[in-house]
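Tertiary structure, described
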Amino acid sequence: MNTNIWFNQLRVLAHMALTVMGLMLITNTALAERTLLNVSYDPTRELYKEYNPLFIQHWKAKTGETVAIQQSHGGAGKQARAVLDGLEADVVTLALAYDIDQLYNKARLIPENWQSLLPNNSSPYTSTIVFVVRKGNPKQIKDWIDLTKDGVSVVTPNPKTSGGARWNYLAAWSYALKHNNNSEAAAKDFIGKLYKNAAVLDTGARGSTTSFVEREIGDVLITWENEAYLVLNEFGADKYEVVTPSFSILAEPPVAVIDKVVKKNGNQDIASDYLAYLYSKEAQEIIAKNHYRPTDKDIAAKYEKQFPNLELVTIAQLGGWNDAQKKHFADDGVFDQIYDQGK
Amino acid sequence: MSAVIQTKNNTKQQAALHDPTWVRTGLIAIALGFIVLFLCLPLGLVLFEAFSKGWTAYWSALTQPDTQAALKLTLLTALVTVPLNTVFGIAAAWAITRFEFKGKSLLTTLIDLPFSVSPVISGVIFVLLFGAQGVFGEWLMAHDVKIIFATPGIILATLFVTFPFVARQLIPLMQEMGNEEEEAALSLGASGWKTFFQITLPNIKWALLYGVLLCNARAMGEFGAVSVVSGHIRGMTNTLPLHVEVSYNDYDVVGAFAGASILAGLAIVTLVLKSLLEWKQSDR
């Protein structure tokens, strides 16, 4: 008898479980509006949090349709990998062109000429690489050369997984070439010393920021300009300072519509307008406010004071991403050589 | 003389049976210190941070749509995986303890596999199988079936990681019990199902509930395997543990720790239920 009661209770429980599951499935499918998935890199969380409502408003005014936008953030290399593995991104907004190139090279998800489809190499905003130091700059860090000194502890992500980290690395590399009459041996030596000073190599830019700020590791954080100012805003200008070096790299984080996915989802119109609208005056204002360098001339002039002028090398001057990737970040590339030596 | 030796021996015996007080207090202090340092302190910190901006901030962090979606997904995952693994666990324990067959020890080892494999690998296995570049990727794409970076993938990964829990609890118990009672029932004419529900199930129910409880705790708390197959789409494929990480990286401390407080609460409920079950079991 006792068992029967127990068994009945079990049946009741199973019924309840099934009902709840059913309800959840219904509520999930009830939202039939079109949704767009933007797969992005780490530090753009705040930017797209502000841009998405603006775009939803714009699209509603233009077409009367209410769309929903979903976000996914992570290290750029990891995110590109996920899209290759089937994460159905309608658009990608990643840290560097190389990662988007892989979507053509490995799976033909986008056309080969994707980077010429939108203005300015498909980069609606640019940025550069700067330093964040603790208040008062106790180690007197002014330029790249100071990062190679003994006793300076550097925080930067791993170039193998993070797009931002590759920009950091290439900025340091170009600086070393410039100051050593383009001697690659000297540049290797310089980079080797710099990475020997690295306290941790996180997988993404945001992880490095957390290491530097919340775990209080390191004397200097090498990071995106926008991420550097975010640190000041979030954690107090009374605790940190941004140091802009004499020389850095012009980082162009590009955007692209994933043709194969939008065709399948029927999202072509929203996806292309979502990226095109990033170049509008309204969006460029948000971009500047989030400390990305706007590409619109008027907005750039308006926020001129916010962005110090410094000499910037471009990735094209370094021979493009394919060459840079092969030479520096592929297995047994320069990074592996200097990092193994450092150990 | 002899009396003196007698008492000496007595105290020696007592000394052997009872450690000196400093050893006892020392051991207790170490054990308590460890618990406070590595259990109470972090748990307290979770709650402290969750409420650091007051009740209203805590509440609004929990009622935010992304948190709600993460909570729903976590519950759905547990609701699917726990019953499936319960059925599987009973079947596996039954097969292993009641029948003799070739490859039995292999099956026992295989059941333990998810325990010995890193959860990240468990996740990657599913990406390699069902991802767009994977073995079944093309077929799935052609038929518009989404597994990876969607709810089915998360459920599959959780299923894989949690499947030993129930079987692991039942196998030793059922081995110890033997099958005399069941044989008696069968020989008296009871059907197979009747024997199971009236003899076996009552005998194993506490161990079974215990296994289900552990399975549920892991299903709701799993991070590594789920992280690989999730795709981290906010409000869609983030489970509660993933949502905690995302909020933390958004510098949303209250949100992160509010999510963590739910997971910690779940852990405490599991612990209380577990002690209740153990008490019931020993009572029997």
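These figures come from a predicted structure and were not determined experimentally.

With that out of the way, let us pick up the confidence of the model for chain B. Residue and element names in this part refer to chain B. Confidence along chain B averages 88 in pLDDT terms, with 93% of residues attaining 70 or more. Averaged pLDDT values for the elements of chain B fall to 53 in helix α1 (residues 2–17) and rise to 95 in helix α8 (residues 151–162). The ipTM for the predicted assembly is 0.75, set against a pTM of 0.81.

What follows deals with the sheet that holds strand β8 (residues 220–224) of chain A. Residues and elements named next belong to chain A. Pairing within the open sheet is mixed, and its five strands lie in the order β7-β6-β8-β5-β9. Each edge of the open sheet is held by one strand with a lone partner, namely β7 (198–200) and β9 (240–243). Bridge analysis of strand β5 (residues 129–134) against β8 gives five bridges, and the strand direction is antiparallel. Bridge assignment links Phe131 to a residue of β8, and that residue is Ile222. Contacts from helix α6 (residues 163–179) reach β5 and β8 within the one sheet, and its direction differs from that of β8 by about 110°.

This part takes up the domain arrangement of chain A. Residues and elements named next belong to chain A. Domain annotation of chain A identifies domain 1 (33–126 + 252–307) and domain 2 (129–250 + 312–340). Summarising the inter-unit geometry, the C-alpha centres of domain 1 and domain 2 are found 25 Å apart. Taken together, the contacts link 23 residues of domain 1 with 22 residues of domain 2. Both faces combined, the contact of domain 1 with domain 2 buries some 1800 Å², and carbon together with sulfur accounts for 57% of it. For the domain 1 face of the interface with domain 2, the top three residues by lost area are Tyr98, Glu252 and His291, together amounting to 32%. For the pair domain 1 and domain 2, the interface holds three salt bridges. Note that Arg293 is salt-bridged to Glu225, the shortest N-O span being 2.7 Å. Summed over the shared surface of domain 1 and domain 2, the result is six residue pairs in polar contact (both at pLDDT 80 or more). Within the residue set of the side of domain 1 that touches domain 2, elements represented by two or more residues are α2 (45–63), α3 (76–84) and α4 (97–105). When grouped by side-chain class, the residues that make up the side of domain 1 that touches domain 2 number 10 nonpolar, six polar and seven charged.

Glancing now at the environment of Val155(A). Residues and elements named next belong to chain A. The residue Val155 is located in strand β6 (residues 154–155) in this model. Remark: the alpha-carbon pair of Val155 and Asn52, spanning 103 residues in sequence, is separated by 31 Å. Beyond its immediate sequence surroundings of up to four residues, Val155 is in contact with Val200, Ser208, Ser211, Phe212, Ile217, Gly218, Val220, Leu221 and Ile222.

Residue and element names in this part refer to chain B. As recorded in UniProt, the feature "transmembrane region" (unreviewed entry) lies at residues 27–48, 69–96, 116–136, 148–167 and 253–277. Overall, residues 27–48 shows 100% helix and 0% strand. The separation of its end C-alpha atoms is 30 Å. End C-alpha atoms of residues 116–136 are separated by 26 Å, and the span's content is 62% helix alongside 0% strand.

A word on the interface of chain A and chain B. Facing 36 residues of chain A, the contacting portion of chain B comprises 27 residues. Buried surface at the junction of chain A and chain B, both sides included, amounts to about 2900 Å², of which 61% is carbon and sulfur. Scanning the region where chain A abuts chain B turns up three salt bridges. Put simply, chain A and chain B have 10 residue pairs in polar contact (both at pLDDT 80 or more) between them. For the side of chain A that touches chain B, the secondary structure elements donating two or more residues are α1 (2–30), α2, β2 (68–73), α3, α8 (205–213) and α9 (225–235) of chain A.

Let's shift gears to the domain arrangement of chain B. Residues and elements named next belong to chain B. The domains assigned to chain B are domain 1 (17–50) and domain 2 (53–283). If you average the C-alpha positions of domain 1 and of domain 2, the two centres end up 31 Å apart. If you look at the interface, domain 1 gives five residues, while domain 2 gives eight residues. Interface area for domain 1 against domain 2, summed over the two sides, is near 570 Å², with a carbon-plus-sulfur share of 78%. For the domain 1 face of the interface with domain 2, the top three residues by lost area are Val46, Glu49 and Ala50, together amounting to 77%. In this structure, the connection of domain 1 to domain 2 is made through zero salt bridges. In terms of residue class, the side of domain 1 that touches domain 2 is built from four nonpolar, no polar and one charged.

Attention now moves to the UniProt feature "domain: ABC transmembrane type-1" (unreviewed entry) in chain B. According to UniProt, the "domain: ABC transmembrane type-1" (unreviewed entry) feature falls on residues 71–278 of chain B. In the segment residues 71–278 of chain B, helix accounts for 80% and strand for 0%; the C-alpha atoms at its two ends are 29 Å apart.

Rules behind the numbers
Residues numbered from 1 in each chain as written. Chains lettered and ligands numbered in written order. Predicted model: local features only at pLDDT ≥ 70, side-chain atom pairs only at ≥ 80, totals over all residues. Heavy atoms only, no water. pLDDT = per-residue confidence, 0-100. Helix = DSSP H or I, 4+ residues; strand = E, 2+ residues; numbered from the N terminus. Pairing = 2+ DSSP bridges. Contact = heavy atoms within 4.5 Å. Axes fitted to C-alpha atoms, helices over the stretch in contact; angles between N-to-C directions. Domains from an automatic or database assignment. Buried area = accessible area lost by both parts, 1.4 Å probe. Salt bridge = Lys/Arg side-chain N within 4 Å of Asp/Glu carboxyl O. Polar contact = N/O pair within 3.5 Å; in protein donor to acceptor, adjacent residues only side chain to side chain. Nonpolar A, V, L, I, M, F, W, Y, C, P; charged D, E, K, R; others polar. UniProt positions renumbered as here; feature names shortened; annotations may be inferred.

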